Amino acid sequence: MSLTIIDGVIILAYLIFTVSVGAVLKRYTRTSTDFFLAGRAIPAWVCGLAFISANLGAQEVVGMAASGAKYGIATSHFYWIGAIPAMVFVGLFMMPFYYGSRARSVPEYLRLRFDEKTRAVNAISFAIMTVFSSGISMYAMARLLQSLHVLDSPFAYFHVSASYVFDVSVIASAVIVLAYVLLAGLISAIYNEVLQFFLIVAGFVPLVFLGLKNVGGWGGLVERLPRDYTHAWQGLSNAGSNPLGVDWFGLVMGLGFVLSFGYWCTDFLVVQRAMAADSMEAARRTPLIASVPKMFFPFLVILPGLIAIALPNQAAVEGASPRTSAAAAVSPRIGRGIIPAKIDERTGQPELDAQGQPVLDYDLAVPNMLLHYFPPGLLGLGLVALLASFMSGMAGNVTAFNTVWTYDIYQSYIHRGASDAHYLWMGRMATIFGVAFSVLAAYVALRFNNIMDVLQLVFAFVNAPLFATFLLGMFWRRATGHGAFCGLVLGTAGAALHQGFTLPAGAQAGLNGGWLGAVVHHYPSQMAQNFWTAIWAWSVCFLTTIFVSLITRPRKESELVGLVYSLTDRIREKHLVWYKRPVSLGIAVLLMAAILNWVFW
Amino acid sequence: MQLDVRMPIGLLFGFLGFVLAVYGLFSDRDIYRVSLGINVNLGWGLAMLIFGVVMFFFGWKSRRAV
């Protein structure tokens, strides 16, 4: 499978356009507030779509379809339980403090509410994390383009060996994201994110349409798949009776409470988009507006995975569609549906699991679906949708990184009291070396897969307790800086200890857990272990923060006005029409999510 | 804010939709075997073109109002 000229035109038009948006917006970026917070002048619906789009990285589009193919519609728990309630909570209850305190970043809120050391822990771990995540996003995109072989023939045309596809993809994506973020900062990232949101939808709607039509609609899909693939909640009473290997309590507490609130309510990557809003009401509406498309994204990103697994195996229909098998890097002859088996790079043979079954390469679900259904023309649009998702994720990380670096690390610990122009310059520099480090991280991921796995594990430990700190900080005036700091450190340690003493069933001790020698408990699946690690970390942080706060000196209440719920005036929204009030929006969103859960019970 | 985000969205979707629809009109029917015989380029291209024009129109209107 190779790209035709029409696909090339579409992809090039998109790439040129993204950079032009930055160039046009450049003249609006004069101060550091313009660069880092888009001048706090963006309307709510734009912030809302950027909010969702910044989160819609590679992991979402490729990973959620992979997970849909692996676990079925239960993957939607990552949306309906693992995102919507937290998004409503951050909009209704937390945004008043983020936006109202005039903090310029999430770590800066921690500085205002607690103390310098709590901010430092959060700012430094967050900065490192964003650089690595954008590197991983770059790596994933380059690997995908490489394994699809779509760029091989254009490369051959210019007499360049196809072995450079990885390098060119990494460098090109880095240069494009760098260009548009450097030109105009957050506003350019936000405008591009909104554009990317619509492109992702435009690329995936026809895919789902053709796929569903092919398998005979939702009814046909249900008939072709095992029962637990099309029901989200059945079997969750017991970890052994559902494909996730999780029981409902672990799911609701671990994913629905600790992990999801920890991400949506404290991650500056998304919160930054709401901070750019033009008013407090707009900032509060941002996550609520974002939650509406988020709720329906499972139909765009999970369904392709289900369809990919439900299609007849390609060996049987070779004649009917010769393209897919010729196109995909790995022939799906061994595998299920149009998802091929993973091939061991050293031996060239399919990888087998402990039972001797081939391990499927679920990450190829979406790319193979695109190649299977899209003719030239639309295929270009499908690839643009993939590129858009990778780039929005990357740019989200880069803009969050340059802000935290400049405000929370550079201005606080390296160079205080400089002019605004100096910090604007620093922000641009931070963008450049942030992207440079991401490129480096992409190559580290390529050479040493294990290092990336270790890092992601460490990030999970650092993130797990965060929400306890924010919850106590915002809703308990007695919480102190020492308490918050000790809570974060011990919470992270608690996560590491829990992971070190437990192991998912059938896994080897090592990265999967059990590295502390003794295995105290076996979990039915890795997902269950992750959820419980989060629950432990959160509880340790919560209790430690309360305990240490009670034995340390509280801050004066006058200093906490605008930072803590009980000391802040309630926001009056009587002047807004009812459907614009955040509270009524929040209730409507929760109701819709409940209905979706019921429909796919 | 000077530039309404709907204008760039309208421009890009209008352009991509136009290109896809024109390509759909003149392309060989054979390439649509993969898409169940449906000329998706023409259909989806027109849909994107209409979306682009609508977005651009509203973006343009709000700009003149300011």
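Starting afresh in each chain, residues are numbered from 1 along the sequence in its written order. Chain letters and ligand numbers both follow the written order, the letters beginning at A and the numbers at 1. At least 70 in pLDDT is required for a residue's local features to be given in this predicted model, at least 80 for side-chain atom pairs to be given and counted, and no such filter applies to totals for whole chains, interfaces and linings, which use all residues.

Asker: Just checking my understanding: could you explain the overall build of chain B for this structure?
Answerer: Helices and strands together make up the secondary structure of chain B, namely 2 helices and 0 strands. The globule rule puts the C-alpha radius of gyration for 66 residues at 11 Å, and the 15 Å found for chain B is more than 25% above it. With respect to the three principal axes, the spread of C-alpha positions in chain B is 50 × 15 × 15 Å. By definition, residue pairs are in contact when their C-beta atoms, positioned from the backbone, come within 7 Å. In chain B, the proportion of contacts linking residues at least 24 apart, taken out of those at least 6 apart, comes to 78%. In this text, helices come from DSSP runs of H or I with a minimum length of four residues, and strands from runs of E with a minimum of two, each type numbered from the N-terminal end. Every radius of gyration here is taken over C-alpha atoms, with the globule rule written as 2.2 Å times N^0.38, N being the number of residues.

Asker: Even after reading the chapter, I still don't get the overall build of chain A, so can you show me in this structure?
Answerer: The helix and strand tally for chain A stands at 25 helices and 4 strands. Here the C-alpha radius of gyration of chain A, 24 Å, is about what a compact globule of 601 residues would show, namely 25 Å. Based on the C-alpha atoms only, the size of chain A along its principal axes is roughly 75 × 55 × 50 Å. Within chain A, the fraction of its 601 residues that count as buried is 56%. Long-range contacts, defined here as pairs at least 24 residues apart, represent 79% of the contacts in chain A between residues at least 6 apart. Any residue whose C-beta has 12 or fewer other C-beta atoms within 10 Å is treated as exposed, any with 20 or more as buried, and any in between as partly exposed, C-beta atoms being built from the backbone.

Asker: Help me understand the packing of helix α13 (residues 248-266) of chain A against helix α24 (residues 526-551) of chain A, please; the structure alone is not making it clear to me.
Answerer: For any two helices packed against each other, one specifies the inter-axial angle together with the distance between the axes. Residues and elements named next belong to chain A. Between α13 and α24, the least distance of the axes is 9 Å, while the angle of their chain directions is 60 degrees. Here α24 runs oblique to α13, going by the angle between their axes. α24 is crossed by α13, and the crossing has left-handed handedness. Seen from α13, the contacting residues are Gly-250, Leu-251, Met-253, Gly-254, Leu-255, Val-258 and Leu-259; seen from α24, they are Ala-528, Phe-531, Trp-532, Ala-534, Ile-535 and Trp-538. By residue class, the composition of the contact of α13 with α24 is 11 nonpolar, 2 polar and no charged. Angular values range over 0 to 180 degrees, each being the angle between N-to-C directions of two axes fitted as lines to C-alpha atoms, with helices fitted over their stretch in contact. Every angle not falling under 35 degrees, over 145, or within 65 to 115 is termed oblique; those three ranges are roughly parallel, roughly antiparallel and roughly perpendicular. The sense of a crossing depends on the near helix, which, turned anticlockwise from the far helix by less than a right angle, makes the crossing left-handed and, turned clockwise, makes it right-handed. Put simply, Ala, Val, Leu, Ile, Met, Phe, Trp, Tyr, Cys and Pro go in the nonpolar bin, Asp, Glu, Lys and Arg in the charged bin, and everything else, Gly too, in the polar bin.

Asker: For this particular structure, what's the right way to read the environment of Ile-409 of chain A?
Answerer: Residues and elements named next belong to chain A. Its location among the elements puts Ile-409 in helix α19 (residues 378-414). Considering only alpha carbons, one finds Ile-409 and Gly-483, 74 residues apart in sequence, at a separation of 22 Å. With sequence-adjacent residues up to four places away left out, Ile-409 is seen in contact with Ala-123, Ile-124, Ala-127, Val-404 and Ile-414.

Asker: Help me out: how do you make sense of the packing of helix α3 (residues 44-55) of chain A against helix α15 (residues 280-301) of chain A in this one?
Answerer: Residue and element names in this part refer to chain A. Where α3 contacts α15, the two axes come as close as 7 Å, and the packing angle between them is 50 degrees. Classified by the angle their axes make, α3 and α15 are oblique. The two elements α3 and α15 cross, and the hand of that crossing is right-handed. Contacts between α3 and α15 involve Ala-44, Trp-45, Cys-47, Gly-48, Phe-51 and Ile-52 from the first element and Ala-282, Arg-285, Thr-286, Pro-287, Ile-289, Ala-290, Pro-293 and Lys-294 from the second.

Asker: Would you mind showing me how to read the interface of chain A and chain B here?
Answerer: Interfaces are often sized by the amount of accessible area the parts lose when they come together. If you look at the interface, chain A gives 31 residues, while chain B gives 24 residues. For the side of chain A that touches chain B, the leading source of residues is helix α11 (residues 186-215) of chain A, giving 9 residues.

Asker: Looking at this model, I keep getting lost on the nonpolar core. Mind explaining?
Answerer: Side chains of a nonpolar character, in soluble globular proteins, are inclined to be buried together. All names here are of chain A. Here, a nonpolar core means buried Ala, Val, Leu, Ile, Met, Phe, Trp, Tyr and Cys residues linked by C-beta atoms lying within 7 Å of one another. Residues Cys-47, Val-177, Ile-190, Val-194, Leu-306 and Ala-365 are the most contacted members of the largest nonpolar core, which totals 224 residues. With 20 residues, α19 is the single largest residue contributor to this core. With sequence-adjacent residues up to four places away left out, Cys-47 is seen in contact with Ile-42, Arg-273, Ala-274, Ala-276, Ala-277, Ala-282 and Thr-286.

Asker: How should unusual backbone geometry be read in this particular structure?
Answerer: Trans is the prevailing form of peptide bonds, just as negative phi is the prevailing case for residues other than glycine. Despite not being glycine, Ala-38 of chain A shows a phi value in the positive range, around 55 degrees. Mapped onto the secondary structure, Ala-38 of chain A falls in the loop between α2 (32-37) and α3. Overall, the presence of 31 C-beta atoms within 10 Å leaves Ala-38 of chain A in the buried class. A positive phi is found at Leu-36 of chain B, a non-glycine position, where the angle reads about 60 degrees. Assignment of secondary structure puts Leu-36 of chain B in the loop between α1 (6-26) and α2 (40-65). Residue class for Leu-36 of chain B comes out partly exposed when judged on the 13 C-beta atoms lying within 10 Å of it.

Asker: Would you mind going over the confidence of the model for chain A with me for this structure?
Answerer: Do not read the fine detail of predicted coordinates wherever pLDDT is low. All names here are of chain A. The predictor rates its confidence in each residue with pLDDT, a number between 0 and 100. Averaged over every residue, the pLDDT of chain A is 84; residues scoring 70 or more account for 94%. Ranking the helices and strands of chain A by mean pLDDT puts helix α7 (residues 106-113) first, with 92, and helix α17 (residues 322-327) last, with 41. Scored below 50 in pLDDT, residues 315-332 makes 36 contacts in the model with residues more than four places away or belonging to other chains.

Asker: Where do I start with the environment of Ile-190 of chain A in this structure?
Answerer: Residue and element names in this part refer to chain A. Tracing the sequence through the fold places Ile-190 in helix α11. Along the backbone, Ile-190 and Ala-276 are 86 residues apart, and their C-alpha atoms lie at a distance of 9.3 Å. Discounting residues that sit within four places of it in the chain, Ile-190 has contacts with Ala-38, Ile-42, Val-46, Ala-50, Arg-273 and Ala-276.

Asker: Before we go on, may I ask you to explain the environment of Asn-463 of chain A in this structure?
Answerer: Counting through the fold element by element, Asn-463 of chain A comes out in helix α21 (residues 449-463). Considered as a pair, Asn-463 of chain A and Ala-534 of chain A are 71 residues apart in the sequence and their alpha carbons are 8.6 Å apart.

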